[in-house]
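Coordinate inspection notes
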Amino acid sequence: MGTETATVTLFLSGDVMTGRGIDQALPWPCEPTLHEPWIRDARDYVALAEIANGPIERPLGVETPWGEALAELAALAPDARIVNLETSLTRADEPWPDKGIHYRMSPDNAETLRAAGLDVCVLANNHVVDWGRAGLEETLATLEALGIGHCGAGRDLAEAQRPAVVDLGVRGRVLVFGLGHPSSGIPSGWAAGQRRSGVAYLPELKDDAARAFGDLVARHRRPGDLVVASIHWGGNWGYEVPAEQQAFARRLVDEAGVDLVHGHSSHHPKGLEVYRDRLILYGTGDLLTDYEGIGGHERYRGELGLMVFPTLEARTGRLTRLRLTPTRLRRLRLERAEPRDAAWLAETLSTHSRPFGVSVALRDDGRLEAAWD
């Protein structure tokens, strides 16, 4: 009798922005004052969501924002759950100067992250230091107290560059490295240093950066480990994938031995690629935000998100299956997308993935499935 090849299934998502409005709807919010040009009270984001989709009973339970996503996680049972956490977890009250938007979530509400069973929060993004380095250090301490791994930011450069590790026993380990590129709006002053907290800053997408990342991976990798490079890059809107992003992602596969590139920053899902049997996600969109009811850019359908479930061969990293679950945010809670919305996402993803040799189809169960050349 033959033996089946062992596999590892991951859950990946783009931006999880549980600060600001979502924080205000939970039981123990931060003080609501904002320093934004147009909105000065974080509770106004809850009001906008209510105007758009109806009343929100408050306080929400800590698990409520995840809504129907929790059942999907239970059904597909991924081996590791990885998100881009785009908020500071702090009650610090000194915002980073000369920055228009400042996201924070009360550490007392951060139990919401554990309610989803998250294994890794990637922190290399343009909101994790919104409330200064004191806010970053409280973020790190909060995640550690919750038992949630983090990467991409740290108390010094060594910690910021260190991967989060998910140990899967006989199937090896998953190493998740976080990197942040200035095209996503990360200030250069947030770069971690030898004796300075901050993010793992990636100033340029060039050959020497790919080689340096390969050296970093080699210092941490053991035989059989799977490596995820989680990169915050690019603007908020638009489906174009810059040539330098594609070239850099491929170099990470070729030169650094990366098994999966997890890109995020765009507020909507972008095209995806399978290169040498490795998955490259150029933009995974938003999953949880307080953008409900905010107008503009409607053609991108920002209220729709994706839960991404790639299955890889354990120890080799070869992509064997890719399922994607469409979601919709309504009243600050995730729902499964309705069939017509799921069909729109399937068509849109196919259109923008086809140049990379990938198609996406809607299945009878409401999930999407990718196929590639």
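Before going into details, it helps to say that this report is about the structure given with it.

**Section: the overall build of the protein chain**
A tally of regular secondary structure across the protein chain gives nine helices and 20 strands. Relative to a compact globule of 373 residues, whose C-alpha radius of gyration would be 21 Å, the protein chain shows 19 Å and is just as compact. Taken over the C-alpha atoms alone, the protein chain extends approximately 60 × 50 × 40 Å along its principal axes. A sequence separation of at least 24 residues applies to 70% of the contacts in the protein chain between residues at least 6 apart. On the protein chain, roughly 14600 Å² of surface is accessible, and the fraction owed to carbon and sulfur atoms is 48%. Across the protein chain, the mean location of the 41 positive side-chain charges is 3 Å away from that of the 53 negative side-chain charges.

**Points about helix α2 (residues 43-53)**
Residue pairs three or four apart in sequence face the same way in an α-helix, which turns once every 3.6 residues. Among the residues of α2, those classed as buried are Y45, V46 and A49. Across the axial projection of α2, the buried residues extend over an arc of 105°, all falling on one side. Where the residues of α2 are buried, they touch α1 (21-25). Positioned one or two residues after α2, G54 has a phi angle of 110°, which is positive.

**Some remarks on the sheet that holds strand β12 (residues 260-264)**
Spatial strand order, β8-β9-β11-β12-β14-β13: six strands in an open sheet with mixed pairing. Each edge of the open sheet is held by one strand with a lone partner, namely β8 (164-167) and β13 (272-275). Pairwise comparison of adjacent strand axes, ignoring direction, gives a mean angle of 20° for this sheet. Inspection of the sheet shows β12 paired to strand β14 (residues 278-281) by three bridges, in the parallel sense. Paired with L260 across the strands is L279, a residue of β14. Together, β9 (173-180) and β11 (226-232) form the strand contacts of helix α7 (residues 207-220), whose direction differs from that of β9 by roughly 150°.

**Observations concerning the packing of α7 against helix α8 (residues 243-256)**
The geometry of a pair of packed helices is captured by two quantities: the angle between their axes and the separation between those axes. Orientation of α7 relative to α8, taken along the N-to-C sense of each, is 40°, at an axis distance of 9 Å. When the axis of α7 is compared with that of α8, the two are oblique. Considering only the axes of α7 and α8, their crossing is right-handed. Two secondary-structure elements touch here, α7 through D207, A209, A210, R211, F213, G214 and V217 and α8 through F248, R251, L252, E255 and A256. Looking at side-chain class alone, the contact of α7 with α8 contains seven nonpolar, one polar and four charged residues.

**Observations concerning the packing of aromatic side chains**
On inspection of all chains with the given rule, the structure shows seven aromatic pairs. Between F11 and F309, the aromatic rings sit 5.5 Å apart at their centres with planes inclined by 35°, giving tilted as the arrangement. Here F11 is found in strand β1 (residues 7-16), whereas its partner F309 is found in strand β16 (residues 304-313), with 298 residues between them in sequence. By relative accessible area, which is 0% here, F309 ends up buried. Between W96 and W190, the aromatic rings sit 5.8 Å apart at their centres with planes inclined by 80°, giving edge-to-face as the arrangement. Here the residue W96 occupies a position in the loop between β3 (88-89) and β4 (104-105), and W190 occupies one in the loop between β9 and β10 (198-199), the gap between them amounting to 94 residues.

**Comments concerning α8**
The end-to-end C-alpha distance of α8, which contains 14 residues, comes to 19 Å, matching closely the 20 Å that a straight helix rising 1.5 Å per residue would cover. For α8, every residue scored as buried is listed here: Q245, F248, A249, R251, L252, V253 and A256. Those residues of α8 that are buried lie in contact with α7, β11, β12, β13 and β14.

**Topic: unusual backbone geometry**
The amide bond that connects R58 to the next residue, P59, takes the cis arrangement and shows omega of 0°. By the element assignment, P59 lies in the loop between α2 and α3 (69-76). Positioned with a positive phi, R20 is a non-glycine residue whose angle comes to about 55°. With respect to the helices and strands, R20 occurs in the loop between β1 and α1. The phi angle at D98 is positive, at roughly 60°, despite the residue not being glycine. We classify D98 as exposed; its relative accessible area is 86%.

**A closer look at the pattern of salt bridges**
With the rule as written, the count across this model stands at 31 salt bridges. Each of E72, R321, R336, R363, D365, R367 and E369 takes part in salt bridges that share partners, so that together they form one network.

**Side note on the environment of M105**
Its place among the elements puts M105 in strand β4. Remark: the alpha-carbon pair of M105 and G19, spanning 86 residues in sequence, is separated by 4.2 Å. Setting aside anything within four residues of it in sequence, one finds M105 in contact with T18, G19, D23, L26, C30, T87, S88, L89, T90, A110 and T112.

What counts as what
- Residues numbered from 1 in each chain as written.
- Predicted model: local features only at pLDDT ≥ 70, side-chain atom pairs only at ≥ 80, totals over all residues.
- Heavy atoms only, no water.
- Helix = DSSP H or I, 4+ residues; strand = E, 2+ residues; numbered from the N terminus.
- Rg over C-alpha atoms; globule rule 2.2 N^0.38 Å.
- Contact = heavy atoms within 4.5 Å.
- Areas by Shrake-Rupley, 256 points an atom, 1.4 Å probe, with all protein chains shown as cover.
- Lys, Arg positive; Asp, Glu negative; His and termini not counted.
- Charge placed at Lys NZ, Arg CZ, Asp CG, Glu CD.
- Buried < 20%, exposed > 50% of the residue type's maximum accessible area, 1.4 Å probe, protein only.
- Arc of directions from axis to C-beta.
- Pairing = 2+ DSSP bridges.
- Axes fitted to C-alpha atoms, helices over the stretch in contact; angles between N-to-C directions.
- Parallel < 35°, antiparallel > 145°, perpendicular 65-115°, else oblique.
- Left-handed = near helix turned anticlockwise from the far one by under 90°.
- Nonpolar A, V, L, I, M, F, W, Y, C, P; charged D, E, K, R; others polar.
- Phe/Tyr/Trp six-rings, centres within 6.5 Å; stacked < 30°, edge-to-face > 60°.
- Expected span 1.5 Å × (residues − 1).
- Salt bridge = Lys/Arg side-chain N within 4 Å of Asp/Glu carboxyl O.

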